[in-house]
Amino acid sequence: MGVVGIAILSAGVAAQDRLKTMPGYEQYLRMSKELPSAIRMGNISVAWRDGGKAFEYTRDGKTWRFDIAAKAATEIQAGEAPPAAPGGRGGLGGAPERGRQVASAASPDQSLLAVYRNRNVYITDAAGSNEVAVTTDGSEQDRIKYGTASWVYGEELAQTTAMWWSPDGRKLAYYRFDESKVPDYVLQLDQTKLYSKADIEAYPKAGEPNPVVDLFVYDVASKASVKIDVRNGRPFENDVVGHYVYRVSWSPDGKEIAYTAKVVNNPAESTDSDIYVAALDRTVPTVCLTAGMEGFDTDPTYSPDGAWIAFGIIHPAGRREIAKIRTDGTDFTPLTADSVDDRT
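Residues numbered from 1 in each chain as written. Predicted model: local features only at pLDDT ≥ 70, side-chain atom pairs only at ≥ 80, totals over all residues. Heavy atoms only, no water.

How should the sheet that holds strand β19 (residues 287–288) be read in this particular structure?
Sheet strands associate in pairs through backbone hydrogen bonding, adopting either a parallel or an antiparallel arrangement. Judged by pairing direction, the sheet is antiparallel, and its four strands sit side by side in the order β16-β17-β18-β19 without closing on themselves. Both edges of this open sheet fall to β16 (244–250) and β19, since each of them pairs with a single strand only. (Pairing = 2+ DSSP bridges. Helix = DSSP H or I, 4+ residues; strand = E, 2+ residues; numbered from the N terminus.)

Right, dumping it as structure tokens:
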């Protein structure tokens, strides 16, 4: 190593050593041990079991099984829980990087693969051949992208998927994002190295425009996509439901899609989200299942027979519960302890 290299290395070590003399360093050391457990994720998602007679969920690091008939939850000890489905979109393993979404999704029968590449969506066979373009107008220049999500979705909503196969593998739901009005935020990476690098993200700070989100469904047989009306025909504005759209779930028969949506402009509603159900044939209007309920209603999951949707509730006071409701918005049924119907 040359003299210059030794000097640079020594300077870097000295800079790191000076951190110990900075104000607040001792407090940082104390707090760093508590940081991993300082934040409790609010969302609660469920997995139906025994043909809809029970479901399982994870809360505060523990897995529970809730028997609907007995209305009782039992903790599942390590080794008792059935093996989880492989991670990622559509059953592919591997978690995405922070703020990102997994870039491919296998169909339920593993015969097809949906792939995100260069801001567009493609479908191939399992071997990666016979590629068909689902979208073509995604581009960096126009700041349009499909099959992935804007940074705020992965970072703040923990949305790690952006393409979803129907249970029969005949349709593919996917995101479209228009970030043309979202300001860029520049992150400086690798600052401890000799040369740092910049990571530029479209990221809306408070008061700045959000990315315009839309949800599409592609039919494999007809090779055509239809747009799901997530805003009831209204434009993308702060006071319109559908400003954020996430936690997408298919019905077992592939005829409906449930999702979570929320508005952002009213401070009283900033912690309020609702569950919606949209019929793909568009013969009936989109239904809001949780209208009037306070707090976050999120993570909709269809029962095996498609008659019910289980979902998580984060009440304004912070209580996290699970309830179920019929797909027409009737028969709201609290399941876990202390659930309440707080609709006005």
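Resuming the write-up.
Is there a simple way to think about the nonpolar core in this case?
General note: in soluble globular proteins, nonpolar side chains tend to be found buried as a group. With 25 residues, the main nonpolar core has Tyr153, Tyr175, Leu215, Ile257 and Tyr259 as its most contacted residues. Of all the secondary-structure elements, those providing two or more residues to this core are α3 (151–156), β11 (171–178), β14 (212–219), β16, β17 (256–262) and β18 (274–279). With five residues, the top contributor of residues to this core is β16. Each residue touching Ile257, except ones within four places of it in the same chain, is listed here: Ala173, Leu215, Val217, Val248, Ser249, Trp250, Tyr276, Val277, Ala278, Leu280 and Tyr302. Counting residues in each nonpolar core, the second largest holds 13 residues, with Ala105, Ile123, Tyr146 and Trp165 among its members. (Core = buried A, V, L, I, M, F, W, Y, C linked by side-chain atoms within 4.5 Å. Buried < 20%, exposed > 50% of the residue type's maximum accessible area, 1.4 Å probe, protein only. Contact = heavy atoms within 4.5 Å.)

Help me out: how do you make sense of the packing of aromatic side chains in this one?
Aromatic ring pairs are defined here through the distance separating the ring centres and the angle between the ring planes. In the structure shown here, the tally under the stated rule is 10 aromatic pairs. Their ring planes at 55 degrees and their centres at 6.3 Å tell us that Tyr185 and Tyr203 sit as a pair that is tilted. On the criterion of sequence distance, the pair formed by Tyr185 in strand β12 (residues 184–189) and Tyr203 in the loop between β13 (197–202) and β14 is long-range, its members being 18 residues apart. Under the relative-accessibility criterion, Tyr185 is labelled partly exposed at 33%. Relative to Tyr276, the ring of Tyr259 lies with its centre 5.8 Å away and its plane at 10 degrees, an arrangement referred to as stacked. Separated by 17 residues along the polypeptide, Tyr259 in strand β17 and Tyr276 in strand β18 bring together distant segments of the chain. Exposure remark for Tyr259: the relative accessible area of 1% places this residue in the buried category. With relative accessibility at 9%, the residue Tyr276 sits in the buried group. Its guanidinium or amino end placed over the ring of Tyr122, Arg117 lies 4.2 Å from that ring's centre, counting from NZ or CZ. (Phe/Tyr/Trp six-rings, centres within 6.5 Å; stacked < 30°, edge-to-face > 60°. Lys NZ or Arg CZ within 6 Å of the ring centre and 35° of its normal.)

When you look at the environment of Phe296 in this model, what are you seeing that I'm missing?
Here Phe296 is to be found in strand β20 (residues 296–302). What makes Phe296 partly exposed here is its relative accessible area of 25%. For Phe296 and His315, which are 19 residues apart along the polypeptide, the C-alpha to C-alpha distance reads 6.6 Å.

I'm lost on the sheet that holds strand β21 (residues 308–314) in this one. Help?
Strands sit in the order β20-β21-β22-β23 across an open sheet of four strands; the sheet is antiparallel. Taken across any chain shown, the strands that pair with only one partner, and hence form the sheet edges, are β20 and β23 (333–334). As paired strands, β21 and strand β22 (residues 320–326) are joined by seven bridges and run antiparallel to one another. Paired with Ile309 across the strands is Ile325, a residue of β22.

How should the pairing of β14 be read in this particular structure?
Looking along a regular strand, one sees the side chains alternate between the two faces of the sheet. β14 sits mainly inside the fold: seven of its eight residues count as buried. Direction of pairing for β11 relative to β14: antiparallel, over a ladder of eight bridges. Bridging from a neighbouring strand, Tyr175 pairs with Leu215 of β14. Taken together, the five bridges between β14 and strand β15 (residues 224–228) define a ladder with antiparallel strand orientation. Among the inter-strand pairings, Tyr218 is bridged to a residue of β15, identified as Ser225.

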